[in-house]
Amino acid sequence: MRISFAAAEVAPYAKVGGLADVAGSLPQALASLGHDVTVYMPYHRSIDAQKFGIPTAGARTHSIPYGAARARIEYPEISRDGVRTVFVRSVRIGRDKVYGYDDDAKRYALFCRAVVEDLVDTPPDVVHAHDWHAALLVPLAARARQLRKAATVFTIHNLAYQGRTSAAVLKLVGLPRARLPIEDRGEANLMARAIAAADIVSTVSERYAEEILTPEFGERLEGLLRKRQADLWGITNGIDTKFFDPAQDPHIAAPYEADDQSGKAIDKAALQKETGLQRDAAAPIFGVIGRLVEQKGVDLLTAVAPWLLEKGGQLVVLGTGDPAYEQKWRDLAAKNKGRLALTLGFDGALAQRIYAGADLFLMPSRFEPCGLGQLISLRYGTIPVVRAVGGLATTVRDVDADPRGNGFSFIKYESAAFSDAIARALHRYKADGEPWRQLRTRAMHEDHSWPAAAKRYVEMYMAAAKARRAA
Ligand code: GLC
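Since the model is a prediction, treat every value here as computed from it, not as a measurement.

**So, the pattern of salt bridges**
Part 1 of the argument: Per the stated rule, a full pass over the model turns up 31 salt bridges.
Part 2 of the argument: Of the charged contacts, one joins Arg 113 and Glu 117 as a salt bridge, the two residues approaching to 2.8 Å between their closest N and O atoms. Of this pair, Arg 113 and Glu 117 both sit in helix H3 (residues 104–119), separated by four residues, roughly a single helical turn.
Part 3 of the argument: What makes Arg 113 buried here is its relative accessible area of 14%.
Part 4 of the argument: Taking relative accessible area as the criterion, Glu 117 reaches 21% and is therefore assigned partly exposed.

This is how it looks when you write it as structure tokens:
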């Protein structure tokens, strides 16, 4: 099949969150199954063109109508790991950061319009748009005569960001303004428009696909999503198991694998040394990697941290987030030198050393479409303690409920439930010895690689193609 992806961020070129990991590695997995995949992304100014060998000028240029004006778009491209990536380049689109500007909705609307302009020359079988930034691709493709046979798939990575904007944005790219029931007067909800119009809608875990049909997780779109329920798929993300591999990781002190975990203790000692934690082989290290924001349960973490440290645990935290929470964590770290190591920022290599050196990994998310941290930590034999929501519920099974379990989980979003799960984890960790090693071995043996997930995507594309033919 010929499949065209569109996403705002794609690893390794530009990454803000998990979307980039998926948009970077799923196309490769599809290509290795024999499909022909092109990925469209904006040519952000932060992209290191030299490093990746991306030409500055495009092989093709299009001048496209943009409101009363015209926008000139270039399409430089490269091929790598069997995937063609096209960088949509325009002064009206490219900025230093991927998101965070007042005119994001306009920039991304133009991005979608520009992608369609390029697609009509050689129509793909499937147009696959990701999150609200690429959402207008769906209605735009539906209106392009040359793309009438192309099936459209829209994937929701996070329903909390919908691209709610002024309806004037639609007119800029030549779309009718006719309002959806969910939209207020004068407003356009870009994600809702893709959900309403796509042949198939998907999201990134089985559980989240069920949750978003309810008011608790539906972010006001549950009604619309329920209407599309027959065409709604949940496919759990994979991770790049070559990149995240404790046996080959160039960033860690000692490699290890499921059958010989001796290196992990060396990585733990190295992590304690690097981050200024007390050198104590027996103290359980809890890792936290991710944005310090409400979605990730930062309030629960903040509430439980002092208790956890009192219990003899050590905490390594890496991430950035809400300034108010960053300050709270700075204060906590100052009070708990040697027991709490805080790095406010993003550092991929340090993240890998934390995945390797920590004993347990905390992820008490309020909601979690899939979550990648728990999958990476499983791969490194670092046992996850998670809230049982979304992808966390799909991928982590509590050992106290399931003898074949791989972690610990709690249900109610409250600190008592979270600390109870941690206490159960500590209890097992301290009993130590063979059972804990077996738990780690089980975690490391699980297969969360992309090939299996990619096959499900192919099934979904077939369903989308069938739906398109029927339409
Ligand atoms: C978003 C979601 C996260 C998911 C990722 C990739 O960042 O919040 O749960 O893993 O997208 O699909």
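Moving on, there is more to tell.
**Section: the sheet that holds strand E18 (residues 408–410)**
Part 1 of the argument: Pairing within the open sheet is parallel, and its six strands lie in the order E15-E14-E13-E16-E17-E18. Only two strands of the sheet have a single partner each, and these edge strands are strand E15 (340–344) and E18. If you compare each strand with its neighbour and ignore which way they point, the axes differ by 15 degrees on average.
Part 2 of the argument: As paired strands, strand E13 (residues 285–289) and strand E14 (residues 314–319) are joined by five bridges and run parallel to one another. Each bridged residue has a counterpart across the sheet, and for Val 288 the counterpart in E14 is Val 317.

**A short note on the site of the ligand**
Part 1 of the argument: Taken together, 13 residues sit near the ligand, with His 157, Asn 237, Glu 368, Cys 370 and Gly 371 positioned nearest.
Part 2 of the argument: One of the backbone nitrogen or oxygen atoms of Pro 369 is found 3.5 Å away from an oxygen atom of the ligand.
Part 3 of the argument: Protein chains bury 93% of the 310 Å² of accessible surface belonging to the ligand in isolation.
Part 4 of the argument: The residue makeup of the shell around the ligand, split by class, is six nonpolar, six polar and one charged.

**Some remarks on the packing of helix H10 (residues 298–310) against helix H11 (residues 323–335)**
Part 1 of the argument: The N-to-C vectors of H10 and H11 enclose an angle of 15 degrees; their axes lie 11 Å apart at closest approach. With respect to each other, H10 and H11 are oriented roughly parallel. The hand of the H10/H11 crossing is left-handed. In contact with Val 298, Asp 299, Leu 301, Thr 302, Ala 305 and Pro 306 of H10, H11 contributes Tyr 325, Lys 328, Trp 329 and Leu 332.
Part 2 of the argument: Considered class by class, the residues forming the contact of H10 with H11 number seven nonpolar, one polar and two charged.

**Focus: the nonpolar core**
Burial of nonpolar side chains together is a common tendency in soluble globular proteins.
Part 1 of the argument: Formed by 132 residues in total, the largest nonpolar core has its most connected members in Leu 30, Phe 154, Ile 156 and Ile 195.
Part 2 of the argument: Ranked by the residues each element gives to this core, the list is headed by H3, at ten residues.
Part 3 of the argument: Two domains each donate at least three residues to this core, and these are domain 1 (2–238 + 451–470) and domain 2 (262–447).
Part 4 of the argument: Ranked by size, the runner-up nonpolar core spans 36 residues in total, among them Val 317, Leu 332, Phe 408 and Phe 418.

**Brief notes about helix H9 (residues 262–275)**
Part 1 of the argument: The end-to-end C-alpha separation of H9 is 21 Å, in line with the 20 Å expected for 14 residues at 1.5 Å each.
Part 2 of the argument: What H9 keeps buried is the set Gly 263, Lys 264, Asp 267, Lys 268, Leu 271 and Gln 272.
Part 3 of the argument: Looking one or two residues beyond H9, the residue adopting positive phi is Gly 276, at roughly 80 degrees.

**Digging into the packing of aromatic side chains**
Part 1 of the argument: A full pass over the atoms with the stated rule returns 13 aromatic pairs.
Part 2 of the argument: A centroid spacing of 5.7 Å and a plane angle of 55 degrees characterise the contact between Tyr 43 and Phe 87, whose relative ring orientation is tilted. Here the residue Tyr 43 occupies a position in the loop between strand E2 (36–42) and helix H2 (49–52), and Phe 87 occupies one in strand E6 (residues 83–88), the gap between them amounting to 44 residues. Of the two residues, Tyr 43 and Phe 87, both sit in the buried class.
Part 3 of the argument: Taken together, Tyr 13, Tyr 43, Phe 52 and Phe 87 form an aromatic cluster joined through their ring pairs.
Part 4 of the argument: Above the plane of the ring of Tyr 101 lies Lys 97, whose end atom (NZ or CZ) is 5.6 Å from the centre.

**Points about the environment of Lys 227**
Part 1 of the argument: Structurally, the position occupied by Lys 227 is in helix H8 (residues 222–227).
Part 2 of the argument: Here Lys 227 falls in the exposed class, since its relative accessible area comes to 67%.
Part 3 of the argument: Here the alpha-carbon distance between Lys 227 and Ala 282, two residues 55 residues apart in the chain, equals 53 Å.

**A closer look at the pairing of E2**
Part 1 of the argument: Counting buried residues in E2 gives six out of seven residues, a clear majority hidden from the surface.
Part 2 of the argument: As paired elements, strand E1 (residues 2–6) and E2 share five bridges and run parallel to each other. When the sheet's bridge partners are listed, Phe 5 is paired in E2 with Val 39.
Part 3 of the argument: Taking the sense of rotation as the criterion, the β-α-β connection linking E1, helix H1 (residues 18–32) and E2 turns out right-handed.

**A word on the domain arrangement of the chain**
Part 1 of the argument: Each domain of the chain was delimited in the assignment, giving domain 1 (2–238 + 451–470) and domain 2 (262–447).
Part 2 of the argument: In this complex, domain 1 contributes 18 residues to the contact, which on the side of domain 2 involves 17 residues.
Part 3 of the argument: For the pairing of domain 1 and domain 2, the buried interface totals around 1200 Å² over both sides, and the portion due to carbon and sulfur atoms is 64%.
Part 4 of the argument: Our count for the domain 1 to domain 2 interface comes out at zero salt bridges.
Part 5 of the argument: In this structure, the connection of domain 1 to domain 2 is made through five residue pairs in polar contact (both at pLDDT 80 or more).

**Considerations on the layout of surface pockets**
Part 1 of the argument: What the second largest pocket holds in volume is close to 270 Å³.
Part 2 of the argument: Considering the residues around the second largest pocket, the lining is formed by 18 residues, among which Ala 265, Lys 268, Ala 281, Asp 359 and Arg 440 are closest to the centre.
Part 3 of the argument: Of all the secondary structure elements, the ones that give two or more residues to the lining of the second largest pocket are H9, helix H12 (348–357) and helix H16 (433–445).
Part 4 of the argument: When residues of the lining of the second largest pocket are assigned to their parent elements, the largest contribution, five residues, is made by H9.
Part 5 of the argument: Taken together, the residues of the lining of the second largest pocket sort by class into seven nonpolar, three polar and eight charged.

**Section: the side chain of Thr 152**
Part 1 of the argument: By the secondary structure assignment, Thr 152 is in strand E8 (residues 151–156).
Part 2 of the argument: Discounting chain neighbours no more than four positions away, the residues touching Thr 152 are Val 127, Val 138, Ala 141, Ala 197, Ala 198, Asp 199 and Ile 200.

What counts as what
- Numbering of residues starts from 1 in every chain and runs along the sequence as written.
- Restriction of local features to residues with pLDDT of at least 70 applies here, the model being predicted, together with a cutoff of 80 or more for giving and counting side-chain atom pairs; totals for whole chains, interfaces and linings are based on all residues.
- Only heavy atoms go into the side-chain values, all of them from the structure, while hydrogens and water stay out.
- Salt bridges are defined as contacts in which a side-chain nitrogen from Lys or Arg sits within 4 Å of a carboxyl oxygen from Asp or Glu.
- Each helix is a run of DSSP H or I of at least 4 residues and each strand a run of E of at least 2, with the numbering of both proceeding from the N terminus.
- With a 1.4 Å probe rolled over the protein chains alone, any residue whose accessible area is under 20% of its type maximum counts as buried; one over 50% counts as exposed, and the rest are partly exposed.
- Pairs of strands are assigned from DSSP output, requiring at least two bridges between the strands.
- Fitted lines through C-alpha atoms serve as axes, helices being fitted only where they are in contact, and the angles separating the N-to-C directions of these axes extend from 0 to 180 degrees.
- One heavy atom suffices: a residue is near a molecule or strand as soon as one of its heavy atoms comes within 4 Å of it.
- Residues adjacent in sequence count toward polar contacts only when both atoms are side-chain atoms; beyond that, a polar contact is any pair of N or O atoms within 3.5 Å, and within protein one must be able to donate a hydrogen and the other to accept it.
- Using a 1.4 Å probe, the Shrake-Rupley method yields the accessible areas, and only the shown protein chains count as cover for residues.
- By the convention adopted, Pro, Cys, Tyr, Trp, Phe, Met, Ile, Leu, Val and Ala count as nonpolar, Lys, Arg, Asp and Glu as charged, and the other residues, Gly among them, as polar.
- If an angle is under 35 degrees, it is roughly parallel; if it is over 145, roughly antiparallel; if it lies from 65 to 115, roughly perpendicular; otherwise it is oblique.
- Crossings are sorted by hand: turned counterclockwise from the far helix by less than a right angle, the near helix makes the crossing left-handed, and turned clockwise it makes it right-handed.
- Two residues form a contact once any of their heavy atoms are found within 4.5 Å.
- Working definition of a nonpolar core: buried Ala, Val, Leu, Ile, Met, Phe, Trp, Tyr and Cys residues. They are joined through side-chain atoms within 4.5 Å.
- An automatic or database domain assignment is the source of the domain bounds shown.
- Multiply 1.5 Å by the residue count of a helix minus one, and that product is the helix's expected span.
- Here is the rule: rings of Phe, Tyr and Trp (six-membered ring for Trp) pair when centre to centre is within 6.5 Å. Planes less than 30 degrees apart are stacked, more than 60 are edge-to-face, and the remainder are tilted.
- Here, a charge over a ring is recorded when the distance from Lys NZ or Arg CZ to the ring centre is within 6 Å and its angle to the ring normal is within 35 degrees.
- Here is how to tell: hold the view so the strands point away, follow the path from the first strand over the helix to the second, and if it runs clockwise the crossover is right-handed.
- Buried area counts how much accessible surface, traced with a 1.4 Å probe, disappears from two parts once they are put together, with both parts' losses summed.
- With a 1 Å grid spanning the protein atoms alone, the term cavity applies to any set of points in which a 1.4 Å probe fits but cannot get out, the term pocket to an open set with protein on both sides within 12 Å along at least five of seven lines, and the term lining residue to any residue with an atom within 4 Å of a point.
- Grid points are joined across faces, edges and corners, and a volume is the space filled by probe spheres set on the points.

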